[in-house]
Amino acid sequence: MRIEIITPDIKVFEGDIKSVRVPGKKGSFQVLKDHAPIISTLENGPVIMVDMDGREIVYEINGGVIEVKANKIILLADSVN
Amino acid sequence: MANLKALRIRIASVKSTKQITSAMKMVSAAKLRRAQDKIVRLRPYANKLYEILVGLSQSLSDSEVENIYGRESSPDKILLVVITSNSGLCGAFNSNVIKETRRVISEKYFDQYSKGNLKILAIGKKGYDYFRKTPVKMLPDKNRLFFDVSFNNVAKVAEEVMKSFTSGEFDRVELIYNQFKNAAVQNLTNEVFLPVKAASAEGKGKAYVVDYIYEPDQEHIVKELIPKSLKIQFYKAVLDSFVAEHGARMTSMHKATDNATGMIRDLTLQYNKARQAAITNQILEVVSGAEALK
């Protein structure tokens, strides 16, 4: 599935991944392939992605919102460290 | 007859002015490109955020969400955010904003102004310096913003403004700035920043409805997204003005360079005429001198 991480200043990441773990408002949760459509606000914390080769990619975000729809993830982060 | 030496000096000075203006034009063009990139990069974020917000407000009725940024009341305490530039040499860019601000004060908010309930937040030195000399009350300036126009810096200012609105310090905030259209054209814009109208559900029915899971719930998300989109709106205004400034400067420097080129041509023609006249004179003198000796 495809993910885009966008901040107001720059597009941080775009690519295909196997899974992503995000810091949701009510606790961190993981999105795998064929996840049900969801919109959630995010807290400060790490976004941990596993790419197609099984490597981990981590971004530290400061709040944001995530939309998952039909294996397409859009993560709007306020800022990324 | 024009003095040859004076003309020569004049030509040299116009030439060096032309060099400066054409260099400034290049610098502005480069800065314009960079600043434009920022707007382009902002767009996907802004669009997506707006999309989510509209999608949400379609499924929520207005009464369900209490919106602290939408509190409508008779406007008593006004804040005008006046966005100009820090440096000049950009044509009518700054004076347009200042003129519009004065017009807004005298036509729209004269009552509030005469009661002393109107304040100006200046972003940009030119506007600040102008209104400092008028009796209008000013908030501390935010001129430093233009040294590094990033979302985080602008968001801080936007937050301050939003806080002063929610705390009741102001009940209406308007932005006055130049919107970038293209390098030669700026649209003077005066828009209401606060109170916000809820995102209207235009194009309803067009978008097919997806059954989203909302976390924590729709109300919470809307409440969190509204301030976000406000910050984006503020950032966009500052960025727009920043880009428009470089566009305006590029255009006015281009015109100045053109003028200098024309002036050099005229002066050179004058200089050559004067030079030829002087030579003719000298020949005449020599010839008539020789004639007299016969």
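The preceding data block contains the structure.
What this report covers is the structure whose coordinates are included nearby. (Residues numbered from 1 in each chain as written. Chains lettered and ligands numbered in written order. Predicted model: local features only at pLDDT ≥ 70, side-chain atom pairs only at ≥ 80, totals over all residues. Heavy atoms only, no water.)

**Comments concerning the environment of B:Glu100**
Residue and element names in this part refer to chain B. Formally: Secondary structure elements follow DSSP: runs of H or I no shorter than four residues count as helices, runs of E no shorter than two count as strands, and numbering proceeds from the N terminus. Contact between two residues is taken to exist if any of their heavy atoms lie within 4.5 Å; hydrogens are not considered.
Position of Glu 100 relative to the elements: it lies in helix H2 (residues 93-108). Residues Glu 100 and Asn 143, 43 residues apart in the sequence, show an inter-C-alpha distance of 20 Å. The residues touching Glu 100, leaving out its near neighbours within four places in the chain, are Ile 176, Leu 188 and Asn 190.

**Points about the pattern of salt bridges**
Where charged atoms from two side chains of opposite charge come close, those side chains can pair. We apply this condition: Any Lys or Arg side-chain nitrogen located within 4 Å of an Asp or Glu carboxyl oxygen qualifies as a salt bridge. Relative accessibility thresholds used throughout: buried, under 20% of the residue-type maximum; exposed, over 50%; partly exposed, between the two (1.4 Å probe, protein chains only).
The full count for this structure, using the stated rule, is 23 salt bridges over all chains. Taking the shortest distance from any N to any O, the salt bridge between B:Glu100 and B:Arg103 comes out at 3.1 Å. Linking B:Glu100 with B:Arg103, this pair stays in helix H2, spanning 3 residues, or about one helical turn. The class of B:Glu100 is buried, set by a relative accessible area of 14%. By relative accessible area, which is 38% here, B:Arg103 ends up partly exposed. Among the ionic pairs, B:Arg132 bridges to B:Asp129, the shortest N-O distance being 3.6 Å. On the criterion of helical spacing, the pair formed by B:Arg132 and B:Asp129 is a turn pair, its members being 3 residues apart in helix H4 (residues 125-132). Put simply, A:Arg2, A:Glu4, A:Lys11, A:Glu14, A:Asp16 and A:Lys72 are held in one network by salt bridges that share partners.

**Focus on the sheet that holds strand S4 (residues 172-182) of chain B**
All names here are of chain B. Worth spelling out the cut-off: At least two DSSP bridges between two strands are needed for those strands to be called paired. In this analysis, axes come from line fits to C-alpha atoms, helices being fitted only over the stretch in contact, and the angle between any two N-to-C directions falls in the range 0 to 180 degrees.
Read across the open sheet, the 5 strands follow the order S3-S2-S1-S4-S5; overall the sheet is mixed. This sheet does not close on itself; its edge strands, each paired only once, are strand S3 (137-138) and strand S5 (185-194). Summarising the sheet, strand S2 (residues 118-123) and S3 pair through 2 bridges and their orientation is parallel. If you follow Ile 120 over to S3, its bridge partner there is Met 138. Across the sheet, H2 touches strand S1 (78-83), S2, S4 and S5, and the angle it forms with S4 is around 150°. Helix H5 (residues 151-166) contacts S1, S2, S4 and S5 of the sheet and is inclined by roughly 40° relative to S5.

**Digging into the packing of aromatic side chains**
Residues and elements named next belong to chain B. Rules: Think of it this way: a Phe, Tyr or Trp ring, Trp meaning its six-membered ring, pairs with another when their centres are within 6.5 Å, and the plane angle makes it stacked under 30 degrees, edge-to-face over 60, tilted otherwise.
In total, this model carries 7 aromatic pairs over all chains according to the counting rule given. Taking the centre distance of 5.7 Å and the plane angle of 10° together, the rings of Phe 146 and Phe 242 count as stacked. On the criterion of sequence distance, the pair formed by Phe 146 in the loop between S3 and H5 and Phe 242 in helix H6 (residues 218-293) is long-range, its members being 96 residues apart. Looking at Phe 146, the relative accessible area reads 8%, which means it is buried.

**Section: the interface of chain B and chain A**
What counts is decided by this rule: Accessible area that two parts lose when put together, evaluated with a 1.4 Å probe and summed over both, is termed the buried area.
Across the contact, 24 residues belong to chain B and 24 residues belong to chain A. Taken together, the two surfaces of chain B and chain A that pack against each other cover about 2,300 Å², and 64% of this comes from carbon and sulfur. If you sort the residues of chain B by the area they bury against chain A, B:Tyr45, B:Tyr212 and B:Glu215 come out on top, with a joint share of 28%. At the boundary of chain B with chain A, the tally comes to 3 salt bridges.

**Regarding H4(B)**
Residues lying three or four places apart along an α-helix face the same way, a consequence of the helix completing one turn every 3.6 residues. Residue and element names in this part refer to chain B. Filter applied, for reference: In this context, the arc is that of the directions from the helix axis out to the C-beta atoms.
Along H4, the positions that sit buried rather than exposed are Gly 127, Tyr 128 and Phe 131. Down the axis of H4, the smallest arc covering the buried residues is 100°, so these residues share one side. On its buried face, H4 is in contact with S1, H2, S2 and S3.

**Focus on the packing of H2(B) against H4(B)**
All names here are of chain B. Just so we agree on the cut-off: Orientation labels follow simple angle bins: below 35 degrees gives roughly parallel, above 145 gives roughly antiparallel, 65 to 115 gives roughly perpendicular, and whatever is left gives oblique. It is the rotation of the near helix from the far one that decides the hand of a crossing: anticlockwise by less than a right angle makes it left-handed, clockwise makes it right-handed.
Running from amino to carboxyl end, H2 crosses H4 at an angle of 45°, the nearest separation of the two axes being 10 Å. By the angle between their axes, H2 is oblique relative to H4. Between H2 and H4 lies a crossing of right-handed hand. Packed against H2, whose contacting residues are Asn 94, Ile 98, Thr 101 and Arg 102, the element H4 presents Lys 126, Gly 127, Tyr 130 and Phe 131 at the interface.

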